[in-house]
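# Residue-level structural notes
Listed below are the residues making up each chain.
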Amino acid sequence: MALVLRRMVHRGVKNHEDVLERIRTRLSSHSIAVHYGNETLRHQFELFVNSHLVIGPHGAGFTNLIVSPPGSLVLEFGLPHPYTNLCFFFLSVRLEHRS
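Residue positions within a chain follow its written sequence, with the count starting from 1. Residue-level local features of this predicted model are given only where pLDDT is at least 70; pairs of side-chain atoms are given and counted only at 80 or more, and the full residue set underlies all totals for whole chains, interfaces and linings. Side-chain figures throughout are based on the complete set of non-hydrogen atoms in the structure, without hydrogens or water.

This paragraph deals with a nonpolar patch on the surface. Residues L86, F89, F90 and V93 make up a contiguous nonpolar surface patch of about 370 Å² in total accessible area. Topologically, F90 is positioned in helix 3 (residues 87-94). Patch membership is restricted to residues that have no salt bridge and whose relative accessible area is over 30%. Joining uses 9 Å for like charges and 5 Å for the nonpolar side chains Val, Leu, Ile, Met, Phe, Trp and Tyr. Exposure was quantified through the Shrake-Rupley algorithm and a 1.4 Å probe, taking into account, for residues, occlusion by the shown protein chains and nothing else. Each reported salt bridge corresponds to a side-chain nitrogen of Lys or Arg within 4 Å of a carboxyl oxygen of Asp or Glu. To qualify as a helix, a DSSP run of H or I must reach at least 4 residues; to qualify as a strand, a run of E must reach at least 2; elements of each kind are numbered from the N terminus.

Right, here's the structure in full:
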């Protein structure tokens, strides 16, 4: 399953629906889920446990990577230099995910 993180306020993707449609088109053989960040903790963990691809803008939702399967592919985008924060990149490396 591919999981797309959706930020509703800060650092949100203005054309999220367009991006989501492109992801669905390119990954048509995969199931796609959207993480809004307002799900119960249990549901959030279920989403991440079952995801082998996590895509989204930089944000706290990426902390749930701790329950993603090792080898998951993580695509994080968002903060322009000099505000780049690599905390989730380093988390991914430590958890043996692919970034």
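Once that is clear, we can look at the pairing of strand 1 (residues 2-5). Here strand 1 shows no split at all, with A2 and V4 on one side and L3 and L5 on the other all buried. The criterion for strand pairing is that DSSP finds at least two bridges linking the strands in question. Bridge count for strand 1 against strand 2 (residues 32-35) is four bridges, and the pairing is parallel. If you follow V4 over to strand 2, its bridge partner there is V34. The buried label goes to any residue with under 20% of its type's maximum accessible area, the exposed label to any with over 50%, and the partly exposed label to all in between, with areas taken from a 1.4 Å probe on protein chains only.

Once that is clear, we can look at the side chain of N64. Turning to its location among the elements, N64 is positioned in the loop between strand 3 (53-57) and strand 4 (73-77). Residue classification places N64 among the buried residues on the basis of a relative accessible area of 7%. For N64, the residues in contact, after removing those within four places along its chain, are H35, Q44, F45 and F48. Contacts are assigned to residue pairs that have any heavy atoms within 4.5 Å of one another.

A pocket here means an open set of points on a 1 Å grid, computed over the protein atoms alone, that has protein on both sides within 12 Å along at least five of seven lines. A cavity is instead a set of points where a 1.4 Å probe fits but cannot get out; residues with an atom within 4 Å of a point line either one. Grid points are joined across faces, edges and corners, and a volume is the space filled by probe spheres set on the points. Here the structure, examined in full by the defined rule, presents one cavity of 30 Å³ or more. By volume, the largest cavity amounts to about 40 Å³. Among the residues forming the lining of the largest cavity, the class breakdown is eight nonpolar, two polar and no charged. Only Asp, Glu, Lys and Arg are considered charged, only Ala, Val, Leu, Ile, Met, Phe, Trp, Tyr, Cys and Pro nonpolar, and every remaining residue, Gly among them, polar.

This part covers the packing of aromatic side chains. Pairing of aromatic rings covers Phe, Tyr and the six-membered ring of Trp, with a centre-to-centre limit of 6.5 Å; geometry is then stacked below 30 degrees between planes, edge-to-face above 60, and tilted otherwise. Summed over all chains, the structure comprises two aromatic pairs. Ring geometry for F89 against F90: centres 5.4 Å apart, planes inclined by 65°, an arrangement best described as edge-to-face.

Before going further, it helps to spend a moment on helix 2 (residues 41-49). Along helix 2, the positions that sit buried rather than exposed are Q44, L47 and F48. Viewed end-on, helix 2 has its buried residues packed into an arc of 90°, placing them on one side of the element. Buried residues along helix 2 sit against strand 1, strand 2 and strand 3. What the arc covers is the set of directions going from the helix axis to the C-beta atoms.

Moving on: unusual backbone geometry. For E96, which is not glycine, the phi dihedral falls at a positive 65°. By secondary structure assignment, the location of E96 is in the segment after helix 3. Overall, the relative accessible area of 58% leaves E96 in the exposed class.

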